[in-house]
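Understanding the architecture of this molecule
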Amino acid sequence: MPPSDAAALGSSHRQPASETPVGYPLEHDHTVQFYEDEAFVIDIVEAYITGGLERGDPLIIIAQANHRQQLVARLVAAGVDTSTAIASGQLALLDARETLARFMVGGRPDWERFREVIGAVIEHSLAASRPGAKVRAYGEMVDVLCLDGMPDVAVELEALWNDLSVLYRLSLLCTYAIGHFGQAAHARPFLAVCKAHAHVIPTERYTRLADTEGRLREISLLQQRAQALEAEVQQRQQAEQALREALHCRDEFLALAGHELKTPLTALQLQLQSLPSAAARKDGGGRLLERLDKAIRHTERLATHIDGLLDVSRIGEGQVPLMMEPLDLSRLVRETVARAMTPAAEADCPIQLMAEVPIEGVWDPLRIQQVVGNLLVNAFKYGKGRPIEVRVDGAPDHARILVRDHGIGIAPERQERIFHRFERAVPSSAFGGLGLGLYAARQVVVAHGGTLRVESEPGQGATFIVELPYRPQ
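Residues numbered from 1 in each chain as written. Predicted model: local features only at pLDDT ≥ 70, side-chain atom pairs only at ≥ 80, totals over all residues. Heavy atoms only, no water.

**Topic: the packing of helix 16 (residues 365-382) against helix 18 (residues 437-447)**
Packed helices, taken two at a time, are described by the angle their axes make and the gap between the axes. This is how the line gets drawn: Only C-alpha atoms enter the line fits that serve as axes; for helices the fit covers just the stretch in contact. Angles between N-to-C directions range over 0 to 180 degrees. What counts as a helix is a DSSP run of H or I of at least four residues, what counts as a strand is a run of E of at least two, and both are numbered from the N terminus. In this scheme, roughly parallel covers angles under 35 degrees and roughly antiparallel covers those over 145, while 65 to 115 is roughly perpendicular and the rest are oblique. Here a crossing is called left-handed whenever its near helix is offset anticlockwise from the far helix by less than a right angle, and right-handed whenever the offset is clockwise. Any two residues whose heavy atoms approach within 4.5 Å are treated as being in contact. Asp, Glu, Lys and Arg are counted as charged, while Ala, Val, Leu, Ile, Met, Phe, Trp, Tyr, Cys and Pro are counted as nonpolar; the rest, among them Gly, fall into the polar class.
Where helix 16 contacts helix 18, the two axes come as close as 9 Å, and the packing angle between them is 150 degrees. By the criterion of interaxial angle, the relationship of helix 16 to helix 18 is roughly antiparallel. Of the two possible hands of crossing, helix 16 and helix 18 adopt the one that is left-handed. Here R367, Q370, V371, N374, L375 and N378 of helix 16 come into contact with helix 18, specifically with G437, L438, A440, A441, V444 and V445. Among the residues making up the contact of helix 16 with helix 18, the classes are represented as seven nonpolar, four polar and one charged.

Here it is in structure tokens:
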């Protein structure tokens, strides 16, 4: 829109066309007026038409049907003889959608058709006007494209208007509902729309402010809102990324948990199915006991997996329920190691235990057994076929448990990640497991006010070090 009528009218909402304009349209002007209320558009275009009629400029109005009806009603009420203006060729009223359809090809504006359709209307208007006249054109076709969800196509059409203005003396006004650009994804097409125009006029909320101080305050407020929105967008993007990672982690975990639970369950079914045939044999007693022993071990393995899943679902970050009592840590570790002798033998991992000196303190015995048990299971898995060392000792302010294997070791960049939920030192396909043991162990230790860390190098085994204060803080 030319600054003459649009800016002046924007400040007073309904300004008589006879008032002195702020400025006259420049050569090849191309102006965009953003709006919030459609009534404001009618005000703007009415001033645009009446200003052109007063100067004797030819006018082309390409608007939607409801807007054309309102404009004609306004002009008639203002005493404008629209019929004579149309008949003389000074005023052309076209439908936005119908005109748009005449030069669209495959959902895109075609330059040759556009020049033919719009150029014919411009030439007809110029032929009926005074020599040297400039055509005033108002178009809602770009707004229609945005309404239909095609802001990029609207930008293409704006470029064609710019090309056409090189061929004709043309002053073009476009209007866009600001609501078309209400999402963060619309920032790029909005900027492209602004760049396609020689003049950009903000919505009536800004143009109606008459004093400079009021406009500066409005600009400052808009800048603050933009800053806040940018920060919110970044936070949401981070939250979305975290959610995607969590969903990916969940899907991997569900697949892995299904595999880990199915393995002992299948073995258990096989052992149970073989019981009748074993019992029917003459020497069935021994075979029956052997099958039952294997079935019990598979059941225990299955129960361990399920307990681990349930336990981790109850453990929050640093929120592990504890039942504290005085105990001898060395004795507790010896008992835990004794119960682990069968899986140690299966993994061919002889255990060297150094826990003879009593280490007295206040801890949760079941939770500390869980920590030591998980560290041993980890050592059996990654140090299979090699010895394991377990040691308990005390320092002035804390007790310490060390579990060392001589297995594959852990790369430095993974030594912290292995304590995260569902993480492992190596791909799960190689060693299996749910990736929860070390996570649960650290949560228990942290709940006691202690620390759990690992010292390792690839190929040199790993030493897990638990440090526990003697009494809770």
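Moving on from the model shown.
**What about the pattern of salt bridges?**
Pairing between side chains of opposite charge can happen when the charged atoms of each approach one another. Applied cut-off: Definition used for salt bridges: Asp or Glu carboxyl oxygen within 4 Å of a side-chain nitrogen of Lys or Arg. Buried means the residue's accessible area, taken with a 1.4 Å probe over protein chains only, is under 20% of the maximum for its type, while exposed means over 50%, and partly exposed covers the values in between.
All told, the structure shown has 18 salt bridges when counted by the stated rule. Among the salt bridges present, the one from R74 reaches E46, with a minimum N-O distance of 2.8 Å. Linking R74 in helix 3 (residues 65-77) with E46 in helix 2 (residues 38-55), this pair joins segments that are 28 residues apart in sequence. For R74, a relative accessible area of 23% translates into the label partly exposed. The salt bridge partner of R331 is E335, with a shortest N-O separation of 3.3 Å. Placement of both R331 and E335 in helix 14 (residues 329-339) is noted, with a separation of four residues, approximately one turn of the helix. One connected set of salt bridges, linked through shared partners, spans D43, E46 and R74.

**Some thoughts on the packing of aromatic side chains**
To keep it simple, the criterion reads: Pairing of aromatic rings covers Phe, Tyr and Trp, the last through its six-membered ring, and needs centres within 6.5 Å; plane angles under 30 degrees mean stacked, over 60 mean edge-to-face, and all others mean tilted.
All chains considered together, the criterion is met by 10 aromatic pairs. Where F34 meets Y176, the ring centres are 6.0 Å apart and the plane angle is 40 degrees; that geometry is what we call tilted. With F34 in strand 1 (residues 30-35) and Y176 in strand 7 (residues 170-177), this residue pair connects regions lying 142 residues apart in the sequence. Each member of the pair, F34 together with Y176, is buried. Seen in terms of ring centroids, W363 and Y470 are 6.5 Å apart; in terms of plane orientation they differ by 45 degrees. Their pairing is tilted. In this pair, W363 is assigned in strand 11 (residues 360-363) and Y470 in the segment after strand 15 (462-469), connecting sequence segments 107 residues apart. Take W363: its relative accessible area is 0%, and that puts it in the buried class. An aromatic cluster is present here, built from F34, Y176, F181 and F190 joined pairwise through their rings.

**Focus: helix 18**
Burial analysis of helix 18 places eight of its 11 residues in the buried class, which makes it a mostly covered element. Three or more residues of helix 18 are buried, namely L438, Y439, A440, A441, R442, Q443, V444 and V445. G449 lies just past helix 18 and shows a positive phi near 85 degrees.

**Some thoughts on the nonpolar core**
Under the convention used in this document: In this description, a nonpolar core means a group of buried Ala, Val, Leu, Ile, Met, Phe, Trp, Tyr and Cys residues linked to one another through side-chain atoms lying within 4.5 Å.
The biggest cluster of nonpolar side chains holds 41 residues, and the ones touching the most others in it are L329, W363, L376, F380, I388 and F464. Elements represented by at least two residues in this core include exactly helix 14, helix 16, strand 12 (388-394), strand 13 (398-405), helix 18, strand 14 (451-456) and strand 15. A total of seven residues in this core trace back to one element, the largest contributor, which is helix 16.

**Here we look at the sheet that holds strand 3 (residues 91-95)**
The test is simple: When DSSP finds at least two bridges between two strands, those strands are taken to pair.
Pairing within the open sheet is parallel, and its six strands lie in the order 3-2-6-7-1-8. Edge positions in the sheet fall to strand 3 and strand 8 (199-201), since each of these pairs with one other strand and no more. In this sheet, adjacent strand axes meet at a mean angle of 15 degrees when their direction is disregarded. Where strand 1 and strand 8 come together, three bridges link them in parallel fashion. Looking across to strand 8, one finds that V32 is bridged to V200.

**Quick look at the side chain of D405**
Heads up, the rule is: Charge counting follows a simple rule: Lys and Arg are positive, Asp and Glu are negative, and His as well as the terminal groups are ignored. Polar contact criterion, stated in full: a pair of N or O atoms within 3.5 Å, where within protein one must be able to donate a hydrogen and the other to accept it, and residues adjacent in sequence count only if both atoms are side-chain atoms.
Structurally, D405 can be placed in strand 13. At 7.3 Å, R386 is the nearest oppositely charged side chain to D405, a buried residue that forms no salt bridge. A polar contact of 2.9 Å, which involves the side chain of D405, links it to the backbone nitrogen of G407. Beyond its immediate sequence surroundings of up to four residues, D405 is in contact with A379, G383, P387, I388, G461 and A462.

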